Amino acid sequence: FDRALVHAVLTNRALRKTTVQNISKLVQEGGYSGVNIDFENVPATDRDSYTAFVGELAAELRPKGLQVTLSVPAKTWDDKTNAWSGAFDYRALGELADAIMIMTYDEHWSGGAAGPVASLGWVEQVIKYAVKEIPAEKIRLGLAAYGYDWPAGGYGGRAVTSTEATALARRYGASIKWDAASQSPYFTYWPGSYAREVWFENASSLAGKLDLAARYELGGVALWRLGFEDPKFWDVLGSKFEIR
């Protein structure tokens, strides 16, 4: 998330080469099958440099039988000036990487107003754009196993895991409701004189996204992150896909 650091790595060719070599060394010494690059908060002006870095990394690792996978921000169109997603050229990256995990979450985030972390409609919009730019078999649909706890009607939420969210509802006797429009669970609780509002992901909301992955014939799904999830998620996943 360090914008200055990632800018320095991507735009300095010598440093970029050293970074590629260091990653290659680490992957081989560790006996790993590849690497996942999750650079976030990349300056939009570094778009070409990021693509070049991925290309150089793939050229280094692929001949060794190693994979290069990427985690990229979700977007519904290619706004090259967007401060968060503008640096990511889906089409070019789709040609270079072995797999791309699209982070289809934080539609609403801690710094904004309360709302679904990943509404089903928004996730489908992201997928519809992505499959036009990236081969569907290379796409891994990123799923959230968390949510946010906001001051009701305000800004500045805090992250909670899916298991923490349900525990919070039990603690305060709050009824977990279902928002049909977004296909997301949420609830309001009162820890004191002011209400707080929680939106999160659970097995039911994730089920709809798994159906999208199947409908668009994506290469798979990814979860952020293990240990955060509603335990029932694995039952839902097993009922819809073969888990390898």
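These numbers come from a predicted model, not from an experiment.

A. View of the sheet that holds strand β5 (residues 146–151). Spatially, β6-β5-β9-β8-β7 is the arrangement adopted by the five strands of the open sheet, whose pairing is antiparallel. Lying at the two open borders of the sheet, with one neighbouring strand each, are β6 (158–161) and β7 (177–179). For this sheet, the mean angle separating the axes of adjacent strands, direction not counted, is 30°. Relative to β6, β5 runs antiparallel, the two being bridged by four bridges. Note that in β6 the partner of Tyr146 across the bridge is Thr161. Strands β5, β6, β8 (184–189) and β9 (196–200) of the sheet are contacted by helix α6 (residues 162–172), whose axis makes an angle of about 95° with β6.

B. Expanded view of the nonpolar core. With 60 residues, the main nonpolar core has Leu57, Leu70 and Ile102 as its most contacted residues. Apart from residues lying up to four places away in sequence, Leu57 is in contact with Val20, Ile23, Val35, Ile37 and Val68.

C. Region of interest: the pattern of salt bridges. As enumerated under the stated definition, the model contains 13 salt bridges in all. With a closest N to O distance of 2.9 Å, Lys64 and Glu60 form a salt bridge. When salt bridges with common partners are traced through the structure, they connect Arg47, Lys75, Asp78 and Asp89 into a single cluster.

D. Region of interest: the pairing of β5. Along β5, five of the six residues are buried, which leaves the element largely enclosed by surrounding structure. Between β5 and the antiparallel strand that follows it, β6, lie six residues; Gly153 among them carries a positive phi value of about 80°. Here β5 pairs with β9 via five bridges, running antiparallel. Its bridge partner being in β9, Trp150 is matched across the sheet by Glu197.

Calculation criteria
Positions within a chain are numbered from 1, following the residues in the order the chain's sequence is written. In view of the model being predicted, local features appear only for residues whose pLDDT reaches at least 70, and side-chain atom pairs are presented and counted only at 80 or more, with totals across whole chains, interfaces and linings using the full set of residues. Excluding hydrogens and water, the side-chain figures rest on all heavy atoms present in the structure. Two strands pair if DSSP finds at least two bridges between them. By the criteria applied, helices consist of DSSP H or I runs no shorter than four residues and strands consist of E runs no shorter than two, each listed in order from the N terminus. Every angle, taken between N-to-C directions, lies between 0 and 180 degrees, and every axis is a line fitted to C-alpha atoms, over only the stretch in contact when it is a helix. Here, residues are in contact when the closest pair of their heavy atoms is within 4.5 Å. Here, the term nonpolar core denotes a set of buried Ala, Val, Leu, Ile, Met, Phe, Trp, Tyr and Cys residues that are joined through side-chain atoms within 4.5 Å. Relative accessibility under 20% of the residue-type maximum defines a buried residue, over 50% an exposed one, and the middle range a partly exposed one, all with a 1.4 Å probe and only protein chains included. Any carboxyl oxygen of Asp or Glu that lies within 4 Å of a side-chain nitrogen of Lys or Arg is treated as forming a salt bridge with it.

All quantities given are derived from atomic positions and should not be read as evidence of function.
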